[in-house]
Protein chains: 2
Amino acid sequence: MSEKFVYMFSEGAAAFGNDMTEMKNNLGGKGAGLASMTDAGMPVPQGFTITTGACTQYYKDGREINPEIQADIFAHLHELEKITGKKFGDVKNPLLVSVRSGARQSMPGMMDTILNLGLNDESVEGLAAKTGNVRFAYDSYRRFVQMFADVVMGVSKSLFENEIDKLKAEKGVQNDVDLDADDLKKLVVIFKKIYEDNEGKAFPQDPNVQLIEAVKAVFRSWDNPRANVYRKMNEIPYEWGTAVNVQQMAFGNSGDHSGTGVAFTRNPATGEKTLMGEYLINAQGEDVVAGVRTPSPISKLKEDMPEVYAQFQDIATRLENYFKDMQDMEFTIEDGHLYMLQTRNGKRTAQAALKVAMDLVSEGMITKEEAVCRVEPKQLDTLLHPQFDKEAIAKADPIGKGLAASPGSACGQVVFSAEEAEQFVKDGKYPKAILVRLETSPEDIVGMQVCQGILTVRGGMTSHAAVVARGMGACCVSGCGNSNKVSISEENKTFTINGHTFKEGDWMSLDGSTGNIYEGQIPTVAATEDPNFQEFMSWADANRRMKVLTNADNPKDAQNAVNMGAEGIGLCRTEHMFFAADRIKAVREMICSRTVEERKVALAKVEPFQQKDFEDMYRIMGDRPMTIRYLDPPLHEFLPTTDEEIKELASEMNMTAEALKDVVVSLHEFNPMMGHRGCRLAVTYPEIAEMQTTAVINAAINVSKEIGKTITPHIMVPLVGEVKEFKFVKDTIVKTADKIIADAGIDMKYEVGTMIEIPRAALTAGQIGAEADFFSFGTNDLTQMTFGFSRDDAAKFLDAYYDNKIYESDPFQHLDTVGVGRLVKLAAKEGREANPNLTLGICGEHGGDPSSIEFVDSIGLDYVSCSPFRVPIARLAAAQATIKSKKKA
Amino acid sequence: MSEKFVYMFSEGAAAFGNDMTEMKNNLGGKGAGLASMTDAGMPVPQGFTITTGACTQYYKDGREINPEIQADIFAHLHELEKITGKKFGDVKNPLLVSVRSGARQSMPGMMDTILNLGLNDESVEGLAAKTGNVRFAYDSYRRFVQMFADVVMGVSKSLFENEIDKLKAEKGVQNDVDLDADDLKKLVVIFKKIYEDNEGKAFPQDPNVQLIEAVKAVFRSWDNPRANVYRKMNEIPYEWGTAVNVQQMAFGNSGDHSGTGVAFTRNPATGEKTLMGEYLINAQGEDVVAGVRTPSPISKLKEDMPEVYAQFQDIATRLENYFKDMQDMEFTIEDGHLYMLQTRNGKRTAQAALKVAMDLVSEGMITKEEAVCRVEPKQLDTLLHPQFDKEAIAKADPIGKGLAASPGSACGQVVFSAEEAEQFVKDGKYPKAILVRLETSPEDIVGMQVCQGILTVRGGMTSHAAVVARGMGACCVSGCGNSNKVSISEENKTFTINGHTFKEGDWMSLDGSTGNIYEGQIPTVAATEDPNFQEFMSWADANRRMKVLTNADNPKDAQNAVNMGAEGIGLCRTEHMFFAADRIKAVREMICSRTVEERKVALAKVEPFQQKDFEDMYRIMGDRPMTIRYLDPPLHEFLPTTDEEIKELASEMNMTAEALKDVVVSLHEFNPMMGHRGCRLAVTYPEIAEMQTTAVINAAINVSKEIGKTITPHIMVPLVGEVKEFKFVKDTIVKTADKIIADAGIDMKYEVGTMIEIPRAALTAGQIGAEADFFSFGTNDLTQMTFGFSRDDAAKFLDAYYDNKIYESDPFQHLDTVGVGRLVKLAAKEGREANPNLTLGICGEHGGDPSSIEFVDSIGLDYVSCSPFRVPIARLAAAQATIKSKKKA
């Protein structure tokens, strides 16, 4: 076994060359902080760190710590004994330690901690003798037995608490502190008996056994349910494992010259540069957390213990200078001696993140490039969307939780149909509405636009509701039926979730950033433009290689996106334009046509609408690129469904309702996602592509004249799987476009490219690239086809996959770099080899996801395209990706 | 332009080093034969061949023959003038030529031919002078004008025929031969006028113009509708193009010492070694085809012209010795001189193919290895399935045509439901039944088994009906609704196709090898075991590298497959076992269970059935490998659909019908193919995999004891897309299996492998391979996912793809080597790198397709698995693949 699994705090910094990332990866965040502080000569109770690698090994070995690692642990324990001059389990001067988890990323409260380890029937006397405080020693011992039994063995805490209550009742006292040393001695005996009764063996007196069992318990706690939930929420890989820190105890509860506290070097809410924190005299860490006593602000320490305060202030400054970031520190004071127990980069609000990063630049501590990397792109969301009032939300209890599909908070009155939402909001009946639906469909778009928030029972992160809501920047919680007991009747206008029933008009509040659902009204505060935002984003832009475009198919979204910094439109879906009431009939007529002639008649009705749509868009986008994707969805999405609609359409088409019904039935598909859609429509009905081309080119010509600049239309063919298929549709487009351009007598260029969204397109990208001007990776569909599951249906089984750690994140949210990413990389490479001028981008939902953006930057794509409200996130993530790849190079 | 586009007949053999394949690829089949015969010094009217490459270039150049190629043609024409001593368009001794197509593979009657080219107002006189036959010269001229106008310019033949009829009426004669030279001269004038009226310009007098226009016409005819249909039927790539042969005319119609005929060196129906053929004295080729006069058998030529016959016999023998195969020859006799116009390997029946190949071995002409390559694997079908009586079918007219989904011919009385088919056949009401359905579903299996044939309105070559029918060896025509006017009412028991209505009990005949549908009874003859079959197949087996397994999931199919030479089962689908009436209820109970406990209760009911199924299969297969695939299809396939079924099941499950209906609705999927199926079922409900493992292992233990050999179960996990998913299911299997085996106290090995049928599985095959014992490529699903279309839905648009030459064959029938094949190759390579012991096979429908078999052999797979009746085909195709790859190496 060549890997080193245990490091003294004093070894860590040297071993990893002070590389904080490497240190964190191996020693965990806490271990790395302790090693760094030790290296810097700060007062740290000494100890050692068992690496994250040891945790991984523990799981590999079937949840056992193998003998080599155990030997390593004890070797370091002896080293610690030497350093401290104390002995593990000693009757005179016992070494007591804390055993604490510490993952790469902090997971506060998620894993287990054991304090006062090393106490047994002998060393407790040593502790009493050494401190001259028998009560303290036995209180520590009974706490240790209780904690060990709970954490290591899973014996219920209440069994112990009951005994304390019983004893207090017997003695007629109220508080634990009223129990004296003899009481506590008795309790220790009782506690050990409980342990023995429950475990079938005596409480371990051997501190070595205690230690190994505690380390195992911490390793095990990496896999406990709350840790798993936290990890999934924060996207921390299960493979990482946790490190374990074994550290000499420092007792903040050993008298009035002792205490414990936490502090930040800057205000984590605002970013203001001022030492902030609180502490408790004569207390241990758990007392601060428990909130029984009210802690004092850190500034009061200056009065209580001026020397300690000065020393702490000095250390805080040194730590900030060392880590070049705002620090979050834990400390303990034992008999007037300051001990640092932890330091880490402090968590902060988006506003604080911007301010701290920019201040650190002004202070000369970091470069602008580094500052750009200091803000989590996802955090920008809170600057861009309304949020609940903090105090109000703190008091509210969610009644259920769906998927956090589109961020922001919303509060409004429940409506059950998009038409009613539209009408009621317009009429002022419900000024603020929440649309609650089984699932939304393209026809609902107008209604969705007027609502504060959208709640759906079915559908995932990339369901129709989620995608559209993100596009609009509206709050959306989707798929709440997957993890709650839910029933909905859109007819009867009732929705029940976990026993709470909503009727139309009832108030509901939604948090699209967490997925939480609330009853009643929770006030929201509007998104406020942070004064630092624009400048910070300009730093990001200066460091960005990839362009950031947007997915928009209406003028409002397009304008929003431009305001957010979009450099063009990477995906303008034309089908969304087909649903508006004034044209859906003609669209249906087109679909139900039985002959080319009928279809042409219907298309002629649609064409002026399409042209106007494009003109409106071009007026906003000017000569920025706008990539127009031709008709894509399965035709059935447009079909009339009710008998009335069929009757109406039939009469318009001069056919019987029965005949039309036959047509509708004949268009039924078993798997519409894999059916007659995308460019397959343009192959079977070239006249559709002709109509769309006519509309695009005429619109571009008209608006070019208006704005005095020549627009270059970008036309995108969806769902291509074979070069000849692309070539066929391209030929139709070119023939139509060239004629219009020639007739207009102007010099207009245009580009024809394709989505790469079918595995075969990626696998034959060399051929397709030779014919295309650009590739846009449609990673939504590419993910579906590559994984072989539909995003609409996957919700039913993906939870089981997360529970069993088969997948750790939703592949529709984060690009799967191993499978889907391999196809994207291969297609990018072979496409470019065939055509060095090929432009490459991504327009799936992943285009707004930071980790996916980093990946596509690394494989050299030219742009990402995402929904308007994700544009700033994408700009920042793209900048960070560029910076990271520069560093690597 | 470095490519040589024109070859004299005398140049061809040398230019391509006598490599027949190269010659055919460039010169076409006819050109290659003419070049070879010229090379061998046989009497061939000289000429030259314009290559297939020139045809491709013609299409590339926008349907024009570019000047370089034209120049090349004329250079060779001058060469021909030199050789013949005649001059093109000459008034004294004119050179006349035929211009004939000749593709790599013969496409009889599909493309155009022009005879007597070179005639004009002057050279016709030369011909008259030279032959001393004015009538003959002018008859030739008027024929040429007519043929040129028709073939080259598309002027309707009837315009000319009408004039002939008019003239005959004027003269009061009946037959063309009654028209004299003057009449024909008049006709020429009239014909040229017709030409001019229709074309707006005079009939071209310049033979060079005639030639180039004729060559263009032949090139163009490569893309005519009937050629396209033929090509698709015979899977001839559009890219190949046709060559054009320009050859001096030989006149078989120049008197009684002239004639023309065709002959085979062996009997193409039986393979018997005897010169067979027929000829006509004083006739041209077209007269033989027209069938106006009855030709004489070739043996009579011996009496008519003994010298010519001897010469022909000698040439025939030489040709057979040269090509080492049965030849199909065309010849013309001009004034007692024999001219060979064509020779090619003759088409033959399956029976003849076997006999000729084996006789050639006995005669020492070819090796057994070569013999194995002489039989088209597909041809074996006709030896294995019943066929229509030849005379009866020759007289029958099909009333419609569907997809040739499963070969063989069938005749029976129409029934509209599987249950009724079962009952009526059992009762003897309809001893022979044809099942006619909109589409079949798994519940129909028992009914399908008793029918002679199956006709479906919907569905493609890999629809349920097609797959099941091929498995059973039953005739099936599928998807007849795609290309016919069809209506079906299963309720009213009527089916109408192109105006022909069938009621229950009406007789229908089906040809599953062509897709033809007939009214009434056409007698069939049973499949007869060819006496040569077994020996021939043993030669194939001796040359075969890959194993051939079968797809079977019931004892009957398994026994059939073993009889056909299957070496094991590559795919035993377990779900088919779930549909039988005695267990479907328990299966439904399992699916609709809301808790693990409920599900276990249901599974316990299914388990004994499963175990018995496997025992029955093992009893037939013994210790041959049997790969058992765990539950795979979307659950909805098993669900109760009618209210009655729901009610019944609900009462059995102690729940209300409403509650069960809710469960059924909640199981609805948008895209079931991409939904909750395959190993996803085993992840969400591990108890299903436990039950199946228990059944498999117990069955194997029991039958091992019975047969005294230890069976090694092969367990296959379907639809894996990620190694951790496979590992999870494998862990469940291993845990369950190991316990049973340990409890039984026996030493039984077992293998756990996976389907590779999802693109991501192929892309991560390195990881999965490290954990799996075998990969079985499920190329049906892999094709669906890679192309992004569902085979059930693709029928709606694939025709447009064929028409536009985007795809030339059904990717579900022939493995797409470019896209899907690339994934298979990559997965095979990376899987083996990770695990050198990994066994690799294919079990999709492609496992029985010769071209797909050749591909998977080339990438090193270990076995193919196909439906029982395709086993002999696969054995032969695999042998041919091995031989081909040996040759390449």
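Residues numbered from 1 in each chain as written. Chains lettered and ligands numbered in written order. Predicted model: local features only at pLDDT ≥ 70, side-chain atom pairs only at ≥ 80, totals over all residues. Heavy atoms only, no water.

Peer 1: Which residues make up the overall build of chain A, and what values go with them?
Peer 2: Within chain A, the regular secondary structure consists of 36 helices and 33 strands. In terms of C-alpha radius of gyration, chain A reaches 32 Å, essentially the compact-globule figure of 29 Å for 889 residues. Taken over the C-alpha atoms alone, chain A extends approximately 100 × 60 × 50 Å along its principal axes. Counting only residues that meet the buried cut, chain A has 58% of its 889 residues in that class. Relative to all contacts within chain A whose residues are 6 or more apart in sequence, the contacts with residues 24 or more apart total 69%. When the accessible surface of chain A is totalled, it reaches about 34200 Å², and 50% of it is carbon and sulfur. Considering chain A, the positive charge centre built from 97 side chains and the negative charge centre built from 127 side chains are found 2 Å apart. (Helix = DSSP H or I, 4+ residues; strand = E, 2+ residues; numbered from the N terminus. Rg over C-alpha atoms; globule rule 2.2 N^0.38 Å. Buried < 20%, exposed > 50% of the residue type's maximum accessible area, 1.4 Å probe, protein only. Contact = heavy atoms within 4.5 Å. Areas by Shrake-Rupley, 256 points an atom, 1.4 Å probe, with all protein chains shown as cover. Lys, Arg positive; Asp, Glu negative; His and termini not counted. Charge placed at Lys NZ, Arg CZ, Asp CG, Glu CD.)

Peer 1: Residues and numbers for the relation of the copies chain A and chain B, please.
Peer 2: Both copies of the chain are related through a single rotation about an axis accompanied by a shift along the same axis. Overlay of chain A on chain B (RMSD 0.2 Å): rotation 180 degrees, translation along the axis 0.0 Å. Taken together, the rotation and translation describe the operation of a two-fold axis. Closest approach to the rotation axis within chain A is made by the C-alpha atom of A:Asn671, at a distance of 2.1 Å. Most of the interface of chain A is mirrored in chain B: 100% of its interface residues are interface residues there too. (Least-squares fit on C-alpha atoms with pLDDT ≥ 70 in both.)

Peer 1: How would you explain the side chain of A:Thr786 if you had to name every residue and give the values?
Peer 2: Assignment of secondary structure puts A:Thr786 in helix α32 (residues 779–787). Contact partners of A:Thr786, with chain neighbours within four places excluded, come to A:Pro759, A:Gly819, A:Val820, A:Leu823, B:Ile758, B:Pro759, B:Arg760 and B:Leu763.

Peer 1: Pulling in residues and values, what's your account of the nonpolar core?
Peer 2: Counting 280 residues, the largest nonpolar core has A:Tyr618, A:Phe777, B:Tyr618 and B:Phe777 as its most contacted members. Among residues more than four places away in sequence, those in contact with A:Phe777 are A:Ile756, A:Val824, A:Ala827, A:Ala828, A:Leu840, A:Gly841, A:Ile842, A:Cys843, A:Gly844 and A:Leu861. (Core = buried A, V, L, I, M, F, W, Y, C linked by side-chain atoms within 4.5 Å.)

Peer 1: Go over the pairing of strand β7 (residues 242–248) of chain B with me, naming the residues and quoting the values.
Peer 2: Residue and element names in this part refer to chain B. Counted residue by residue, β7 has seven buried out of seven residues, so it is predominantly covered. The side-chain alternation of β7 yields two buried faces, one formed by Thr242, Val244, Val246 and Gln248 and the other by Ala243, Asn245 and Gln247. Pairing of strand β2 (residues 47–50) with β7 involves four bridges; the strand directions are antiparallel. By the bridge assignment, Ile50 is partnered in β7 with Val244. (Pairing = 2+ DSSP bridges.)

Peer 1: Give me the lowdown on the interface of chain A and chain B, citing residues and values where you can.
Peer 2: Residue-level contacts link 55 residues of chain A with 55 residues of chain B. Interface area, chain A with chain B, both sides summed: about 4900 Å², of which 57% is carbon and sulfur. One salt bridge in this structure joins A:Asp816 and B:Arg760, with 2.7 Å as the shortest N-O distance. If you look at where chain A meets chain B, you find 28 residue pairs in polar contact (both at pLDDT 80 or more). Tallying contributions element by element places helix α33 (residues 791–803) of chain A first for the side of chain A that touches chain B, with six residues. (Buried area = accessible area lost by both parts, 1.4 Å probe. Salt bridge = Lys/Arg side-chain N within 4 Å of Asp/Glu carboxyl O. Polar contact = N/O pair within 3.5 Å; in protein donor to acceptor, adjacent residues only side chain to side chain.)

Peer 1: Give a detailed account of the sheet that holds strand β11 (residues 327–334) of chain B, specifying residues and quantitative values.
Peer 2: All names here are of chain B. Here five strands make up an open sheet; going across it, the order is β10-β9-β8-β11-β12 and the pairing antiparallel. For this open sheet the edge positions go to β10 (296–297) and β12 (337–345), each flanked by a neighbour on one side alone. Two elements, strand β9 (residues 276–281) and β10, share two bridges in a ladder whose sense is antiparallel. Counted as the bridge partner of Glu278 is Pro297 from β10. Its contacts with the sheet place helix α13 (residues 306–323) against β8 (259–264), β11 and β12, and it is angled at close to 25 degrees to β12. (Axes fitted to C-alpha atoms, helices over the stretch in contact; angles between N-to-C directions.)

Peer 1: How would you sum up the sheet that holds strand β1 (residues 6–8) of chain A? Please name residues and give values.
Peer 2: The strands making up a sheet associate through hydrogen bonds between their backbones, and the pairing can be parallel or antiparallel. Residue and element names in this part refer to chain A. In space, the five strands of this open sheet follow the order β1-β2-β7-β5-β6, with antiparallel pairing throughout. In the strand order of this sheet, the two ends are held by β1 and β6 (113–117), each with one partner. When the angles between neighbouring strand axes are averaged without regard to direction, this sheet yields 20 degrees. Here seven bridges tie strand β5 (residues 97–103) to strand β7 (residues 242–248), and the two strands are oriented antiparallel to one another. Across the sheet, the residue bridging to Arg100 is Asn245, located in β7. Each of β1, β2 (47–50), β5 and β7 is contacted by helix α4 (residues 67–84), which is oriented at about 10 degrees to β1, the strand it contacts most.

Peer 1: An account of the packing of helix α24 (residues 596–621) of chain A against helix α28 (residues 686–707) of chain A is requested, with residue identities and associated values reported.
Peer 2: Residues and elements named next belong to chain A. Contact pair α24 / α28: the axes reach a minimum separation of 8 Å and the direction vectors enclose 30 degrees. As the angle between them shows, α24 and α28 are arranged roughly parallel. Along this stretch, α24 crosses α28, giving a crossing that reads as right-handed. Within the contact of α24 with α28, the residues separate by chemical class into 12 nonpolar, six polar and eight charged. (Parallel < 35°, antiparallel > 145°, perpendicular 65-115°, else oblique. Left-handed = near helix turned anticlockwise from the far one by under 90°. Nonpolar A, V, L, I, M, F, W, Y, C, P; charged D, E, K, R; others polar.)

Peer 1: Give me the lowdown on the pairing of strand β30 (residues 751–756) of chain B, citing residues and values where you can.
Peer 2: Residues and elements named next belong to chain B. β30 sits mainly inside the fold: five of its six residues count as buried. With four bridges connecting them, strand β29 (residues 714–717) and β30 associate as parallel partners. In the strand pairing of β30, His714 is matched with Glu751. The β-α-β motif built from β29, the intervening helix α29 (residues 723–744) and the parallel element β30 has right-handed crossover chirality. Judged from the three bridges that link them, β30 and strand β31 (residues 774–777) form a sheet pairing that is parallel. Within β31, the position partnered with Met755 by the bridge is Ser776. (Right-handed = clockwise from strand over helix to strand, strands pointing away.)

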